[in-house]
Amino acid sequence: MEPLDRETAKKLYDRYRKKRDGIRNNVEMASICLICGSIHIIPKEGDARKLVCRNCGFAFFRYECLSCGKVVDGRDPRNPDCRECGLRVCTCGACGCPDKQHGN
Ligand SMILES: [Zn+2]
Ligand SMILES: [Zn+2]
Ligand SMILES: [Zn+2]
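Described in the following lines is the structure provided in the data block. (Residues numbered from 1 in each chain as written. Chains lettered and ligands numbered in written order. Predicted model: local features only at pLDDT ≥ 70, side-chain atom pairs only at ≥ 80, totals over all residues.)

Some thoughts on the overall build of the protein chain
- Each helix and strand counted, the protein chain has 1 helix and 4 strands in total.
- In the protein chain, the succession of α and β elements from N to C terminus is α-β-β-β-β.
- Compactness check: the protein chain gives a C-alpha radius of gyration of 14 Å against a globular reference of 13 Å for 104 residues, within 12% of the reference.
- Taken over 104 residues, the protein chain has a buried fraction of 26%.
- A fraction of 28% describes how many contacts in the protein chain between residues 6 or more apart in sequence connect residues 24 or more apart. (Helix = DSSP H or I, 4+ residues; strand = E, 2+ residues; numbered from the N terminus. Rg over C-alpha atoms; globule rule 2.2 N^0.38 Å. Buried ≥ 20, exposed ≤ 12 C-beta atoms within 10 Å, placed from the backbone. Contact = placed C-beta atoms within 7 Å.)

Structure representation (structure tokens):
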């Protein structure tokens, strides 16, 4: 992927700060920190499902759902956390719990 230019990053940051729904579907949001706006996002060491901002240290879930392959992003309101497994719930209803389907 092309590195994001500051202007694009700023626009996306502003847009998703206001309305977080849809973050999961935006590829570029994988490399923008929603806390500080930095584009220095790296995979979190020791946790394949998380990314971390090198600037402010904020870590968030972003990974592909094992059930359906869609992106799950912890910052998206459509991906709430599951209290049982600690992962995020995909829009398909799957999380880290075995054979669990959350109702919507
Ligand atoms: Zn940050
Ligand atoms: Zn899914
Ligand atoms: Zn779960």
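Here's the deal with the environment of Lys 10
- With respect to the helices and strands, Lys 10 occurs in helix 1 (residues 6–18).
- Overall, the presence of 14 C-beta atoms within 10 Å leaves Lys 10 in the partly exposed class.
- Sequence-wise, Lys 10 and Ile 39 are 29 residues apart; in three dimensions their C-alpha atoms are separated by 9.5 Å.

With respect to the sheet that holds strand 2 (residues 50–53)
- Taken together, the 4 strands give an open sheet; going across it, the order is 1-2-3-4, and neighbouring strands pair in antiparallel fashion. Strand pairing shows two members of the sheet lacking a second neighbour, strand 1 (41–43) and strand 4 (71–73), which therefore form its edges. Strand-to-strand, the axes of this sheet are offset by a mean angle of 30 degrees, without reference to chain direction.
- In terms of strand pairing, strand 2 meets strand 3 (residues 59–64) through 3 bridges, oriented antiparallel. Paired with Val 52 across the strands is Ala 59, a residue of strand 3. (Pairing = 2+ DSSP bridges. Axes fitted to C-alpha atoms, helices over the stretch in contact; angles between N-to-C directions.)

Considering the nonpolar core
- If you look at the biggest cluster of nonpolar residues, it comprises 20 residues, and the most contacted ones within it are Ile 32, Cys 33, Ile 41, Cys 90 and Cys 95.
- Of all elements in the fold, only helix 1, strand 2 and strand 3 reach the threshold of two or more residues within this core.
- Setting aside its immediate chain neighbours within four residues, Cys 90 contacts Cys 65, Ser 67, Cys 68, Lys 70, Val 72, Asn 79 and Cys 95. (Core = buried A, V, L, I, M, F, W, Y, C linked by C-beta atoms within 7 Å.)

Re the pairing of strand 2
- A one-sided burial pattern is seen for strand 2, the buried positions being Leu 51 and Cys 53 and the unburied ones Lys 50 and Val 52.
- Judged from the 3 bridges that link them, strand 1 and strand 2 form a sheet pairing that is antiparallel. Among the inter-strand pairings, Ile 41 is bridged to a residue of strand 2, identified as Cys 53.
- Taking the residues that link successive antiparallel strands as the turn, the strand 1-strand 2 hairpin has 6 residues, and the phi of Gly 46 there is positive, at about 80 degrees.
- In textbook terms, the turn of a hairpin is the stretch between consecutive antiparallel strands, and for strand 2 and strand 3 this stretch comprises 5 residues, one of which, Gly 57, has a positive phi near 85 degrees.

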